[in-house]
Amino acid sequence: MLEIMDTTLRDGEQTSGVSFSGQEKLNIARLLLNDLGVNRIEIASARVSNGEFKTVKDIADVAIATNNIDKIEILGFIDNGESIKWIHEAGCRNINLLTKGSYSHVTEQLRKTPEQHLEDIKREIAIAQEYGIGVNIYLEDWSRGMSNSEDYVYFLMDGLHNQPIKRFMLPDTLGILNPHTTWKFCRKMINRYPELHFDFHAHNDYDLAVANTMVAVEVGVKGIHLTINGLGERAGNATMSSVIAVLHDQLKIRTSIREDQINNVSRIVEGCSGQLISSNQPIIGNNVFTQCAGIHADGDNKNNLYYNELIPERFGRQREYALGKLSGKANIRKNIDALGIQLTEEQMRIITDRVIELGDKKEIITQSDLPFIINDVIHNSTEQKIEIVRFHSSISKGLRPTATVRIRINGEEYEDTSAGKGQYHAFSKVLWKIYSKLAKPKPELVNYSVAIPPGGRTDALVQTIITWKFKEKVFKTHGLDVDQVEAAVKATEKMLNIIEDL
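Residues numbered from 1 in each chain as written. Predicted model: local features only at pLDDT ≥ 70, side-chain atom pairs only at ≥ 80, totals over all residues. Heavy atoms only, no water.

(A) Structural view of the side chain of His-197. Looking at where His-197 falls in the secondary structure, it is placed in the loop between helix H8 (179-192) and strand S7 (198-201). Engagement of the side chain of His-197 in a polar contact is seen with the side chain of Asp-199, the distance being 2.8 Å. Beyond its immediate stretch of four places on either side in the chain, His-197 contacts Glu-3, Arg-40, Lys-166, Arg-167, Phe-168, Lys-222 and Gly-223. (Helix = DSSP H or I, 4+ residues; strand = E, 2+ residues; numbered from the N terminus. Polar contact = N/O pair within 3.5 Å; in protein donor to acceptor, adjacent residues only side chain to side chain. Contact = heavy atoms within 4.5 Å.)

(B) View of the sheet that holds strand S16 (residues 473-481). Reading across the sheet, the three strands line up as S14-S15-S16 and stay open at both edges, with antiparallel pairing between neighbours. The open sheet has two edge strands, strand S14 (444-451) and S16, and neither has a second partner. Neighbour-to-neighbour, the strand axes of this sheet turn through a mean angle of 20 degrees, independent of strand direction. Where strand S15 (residues 462-470) meets S16, nine bridges bridge the pair, whose relative direction is antiparallel. (Pairing = 2+ DSSP bridges. Axes fitted to C-alpha atoms, helices over the stretch in contact; angles between N-to-C directions.)

(C) A look at the confidence of the model for the protein chain. Confidence in the prediction for the protein chain averages 87 pLDDT; 85% of positions are at 70 or higher. Here residues 292-303 is a poorly scored stretch, pLDDT under 50, and it has 31 contacts once near neighbours within four places are set aside; other chains count. (pLDDT = per-residue confidence, 0-100.)

(D) Spatial organisation of the environment of Lys-471. Note on placement: Lys-471 falls in the loop between S15 and S16. With 27 residues separating them along the chain, Lys-471 and Glu-444 place their C-alpha atoms 9.4 Å apart.

(E) A look at the nonpolar core. The biggest cluster of nonpolar side chains holds 88 residues, and the ones touching the most others in it are Ile-4, Trp-142, Met-189 and Phe-198. Looking at this core element by element, the count peaks at seven residues for helix H1 (residues 22-36). When near neighbours in sequence (up to four residues on either side) are disregarded, Ile-4 contacts Val-38, Asn-39, Arg-40, Ile-224, Leu-226, Met-240, Ile-244, Leu-247, Thr-255 and Ile-257. Among the nonpolar cores identified, the runner-up in size contains 25 residues, and Ile-407, Phe-475, Met-495 and Leu-496 belong to it. (Core = buried A, V, L, I, M, F, W, Y, C linked by side-chain atoms within 4.5 Å. Buried < 20%, exposed > 50% of the residue type's maximum accessible area, 1.4 Å probe, protein only.)

(F) Spatial organisation of helix H11 (residues 262-273). For H11, with 12 residues, the first-to-last C-alpha span of 16 Å sits near the 16 Å given by 1.5 Å per residue. Those residues of H11 that sit buried are Ile-262, Asn-263, Val-265, Ser-266, Val-269, Glu-270 and Ser-273. Along the long axis of H11, the arc covered by the buried residues comes to 160 degrees, so they all point the same way. Of the residues one or two after H11, Gly-274 is the one with positive phi, at around 75 degrees. (Expected span 1.5 Å × (residues − 1). Arc of directions from axis to C-beta.)

(G) Examining the pattern of salt bridges more closely. Enumeration over the complete set of coordinates arrives at 34 salt bridges. Across the salt bridge formed by Arg-10 and Asp-11, the nearest N and O atoms sit 3.6 Å from each other. Judged by its relative accessible area of 9%, Arg-10 falls in the buried class. Counted as one network, the salt bridges with shared partners bring together Glu-3, Arg-40, Glu-73, Arg-167 and Asp-199. (Salt bridge = Lys/Arg side-chain N within 4 Å of Asp/Glu carboxyl O.)

(H) Structural view of the layout of surface pockets. Computed from the structure, the second largest pocket encloses a volume of approximately 430 Å³. As for the second largest pocket, its lining consists of 25 residues, of which Asn-204, Asn-229, Gly-230, Ala-235 and Gln-281 are closest to the centre. Of all the elements in the fold, those that place two or more residues in the lining of the second largest pocket are helix H9 (209-219) and helix H10 (240-250). Here the element with the most residues in the lining of the second largest pocket is H9; it accounts for four residues. In the lining of the second largest pocket, the residues fall into 11 nonpolar, 12 polar and two charged. (1 Å grid on protein atoms, 1.4 Å probe; cavity = no way out; pocket = protein on both sides within 12 Å on 5 of 7 lines; lining within 4 Å. Points joined across faces, edges and corners; volume = space filled by probe spheres on them. Nonpolar A, V, L, I, M, F, W, Y, C, P; charged D, E, K, R; others polar.)

(I) Up close: the side chain of Thr-7. Tracing the sequence through the fold places Thr-7 in the loop between strand S1 (3-6) and H1. What Thr-7 contacts, discounting residues up to four positions off in sequence, is Gly-12, Glu-42, His-201, Leu-226, Thr-227 and Asn-237.

(J) Quick peek at the packing of helix H5 (residues 114-131) against helix H7 (residues 150-160). Direction vectors running N to C along H5 and H7 enclose 35 degrees, while the axes themselves pass 10 Å from each other. With respect to the hand of their crossing, H5 and H7 are arranged in right-handed fashion. Counting all contacts with H5, which are made through Pro-114, Glu-115, His-117, Leu-118, Ile-121, Lys-122 and Ile-125, the residues of H7 involved are Tyr-152, Phe-155, Leu-156, Gly-159 and Leu-160. The class makeup of the residues in the contact of H5 with H7 is eight nonpolar, two polar and two charged. (Left-handed = near helix turned anticlockwise from the far one by under 90°.)

(K) Region of interest: the sheet that holds strand S11 (residues 386-394). Strand order in this open sheet of three strands is S11-S12-S13, and the pairing throughout is antiparallel. At either margin of the open sheet sits one strand with a lone partner, and together these are S11 and strand S13 (412-419). Ignoring which end each strand starts from, the neighbouring axes of this sheet average 15 degrees apart. Pairing between S11 and strand S12 (residues 402-409): eight bridges, direction antiparallel.

(L) Layout of empty space enclosed by the protein. One pass over the full model with this rule turns up two cavities of 30 Å³ or more. Each pocket or cavity is described by its volume, and for the largest cavity that value is around 70 Å³. Looking at the largest cavity, the residues that line it are Leu-26, Ala-29, Arg-30, Leu-33, Asn-34, Ile-59, Val-62, Ala-63, Thr-66, Asn-68 and Ile-72. Every element with two or more residues in the lining of the largest cavity is listed here: H1 and helix H2 (50-65). With five residues, the top contributor of residues to the lining of the largest cavity is H1. Residues of the lining of the largest cavity, tallied by class, amount to seven nonpolar, three polar and one charged.

(M) Seen up close, helix H16 (residues 423-437). Helix length check: H16, at 15 residues, gives a terminal C-alpha distance of 22 Å against a target of 21 Å (1.5 Å per residue), a fit within 8%. Of the positions making up H16, those classed as buried are Tyr-424, Ala-426, Phe-427, Ser-428, Val-430, Leu-431, Trp-432, Ile-434 and Tyr-435. The inward-facing, buried residues of H16 contact S11, S12, S13, S14, S15 and helix H17 (484-500). Looking at the residues trailing H16, positive phi occurs at Ala-439, about 60 degrees.

(N) Representation of the pairing of strand S5 (residues 134-140) within the structure. The buried fraction of S5 is high, at seven of seven residues. Of the two faces of S5, both are covered, the one formed by Gly-134, Asn-136, Tyr-138 and Glu-140 as well as the one formed by Val-135, Ile-137 and Leu-139. With seven bridges connecting them, strand S4 (residues 94-100) and S5 associate as parallel partners. When the sheet's bridge partners are listed, Asn-94 is paired in S5 with Gly-134. Summarising the sheet, S5 and strand S6 (residues 167-171) pair through three bridges and their orientation is parallel. Along S6, the bridge assignment pairs Tyr-138 with Met-169.

Structure follows, in C-alpha cells:
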C-alpha cells in the first residue's frame, strides 16, 4: 500500500508564524496516527531546543505505549552522530537524514566535493547502525539536482543504494517541478533503481504540489509527504485533504487514511496553527459544499445532477444550500425541509422574493436567518394601505440626526423632514409630524428591542421588535433587515397598517 507520511509537525511548522506548543504537537500526533490513520509522521528536527526534546520524548513515550514508535521520524543532520544521539535519547528509532541532492548545494553550501559528502553520509549511517536507528535519506534540492546535475545525483545514489537505507526521499525543495518534469525525473530514478523505496516530497510554489504528487504516485513512488491544510515553508506543501481525494477518486488508489476524519483534523490544526483555511479550499473550505445557485439545488433534487464524487459526508461534512440573491425555490426548499417547516407554494414564492431582496444587501443568508425571515414574511403580513415609499436619515458628529420621509396613505403621498436625538427618533418625529397635520392618531411606543439571528457575523440580519399601545390594545411588530434602522422602519410600517383598521 502507498505510504502516507505527514510532516505537519516538522515541515508544516516552518510556516511563517506557526509554532506548536508541546501539548498541541502531542495532540496532533495522536490525531494523525489514531484518528486519521497516516502511516508515518515526521514530528521535529533534531537538536532544536530543550523544549523540543521534551516534546519529542513525550510523543515517543505515547507511541511506544501504542505500538506506533516505528511510525515516528525525526529530521537529522550530518553532524558526526549528534542528531542520532539526540534521537536515541528521545526514545525514537528513525532518522530522516538531510543530505545534498544537487551539485550546487554540495560545492557551494558545504564547500565539499561529492566524494567527501558521500563519505560523510556513510559515516553517519554507520553511527545510526550502532544506535539501532533506522535511516531514511532526504536528497535536499533533488529536483534542481535532476535539472542541473543529473550525473551528481546518480553518483550519490550509486554510492548509497547498497547502504542500509530504508527510504530515499525525493524533495522538490524549491517547488520548481511541474507534472511533466515530475514524471520525467521520478521515472528515471525508479527505472535506474527499481529495488529501492522512493518517497516524493512536494512544495507548492507554483500551486502544483497536488498535481506533482499525483504524477509521482502514477510513476510508482512508494511514499508521499503531505501536511494538514498544506502548511509549510513559503507556499506550503502538498495538502493532505486534496491529495487523498485525488488518490482515491482519480487514481483509484486506496490508502490507510480515514476520509471522515479529514475535516476534523484540519480544523484542529487550523486552530493550533492560527493559519485560517481559505473558504474555497477544496474538501475543507467552508464554501466548497455550499450550493449558491438555485438551478444547482434544483438539479440535486433531480437525480443529483450537480453532484460529483466529492460527497461531503465522506469527509465528515454536510452539503449546504446558501440563501441569497441567486437562490431559487429549490435552494430555499432544501433549507426549509432541513428545518422541518411546511409552507404553501404561495408562501414559498413570498419567502423566495424576500430572500433575494435581502441577498442584494447581504452576501449569504444563513439557515439560522431563515426562521426570522419566515416569521417576518408570513406572520407579520398585512394589507398595505400605508407604505413608507422612501426615507433618508443622516448622522454626523456634533450635529443632530435628521430624517426625511415620504409616505403613501390610501394612495396619497406626503413628505417632510425633522431632526431627532437618534436616527429612528428623527424618523418617528417626521412620521408623527405628518400624522399630526392629517389629524390622525398615533400609538405609544412601549418597548424597542433588537435581536440578531445566531452566527455572530458582522453582516448578520437584524430583527427589530417594537411593542406598541393603541386604543388600550398592546401588540408587537417585527422588522427584518441587515440595517437596524431600516428594520425598525419596516416594523413601524407594519404597525401603521395595523392601527389603520383599529
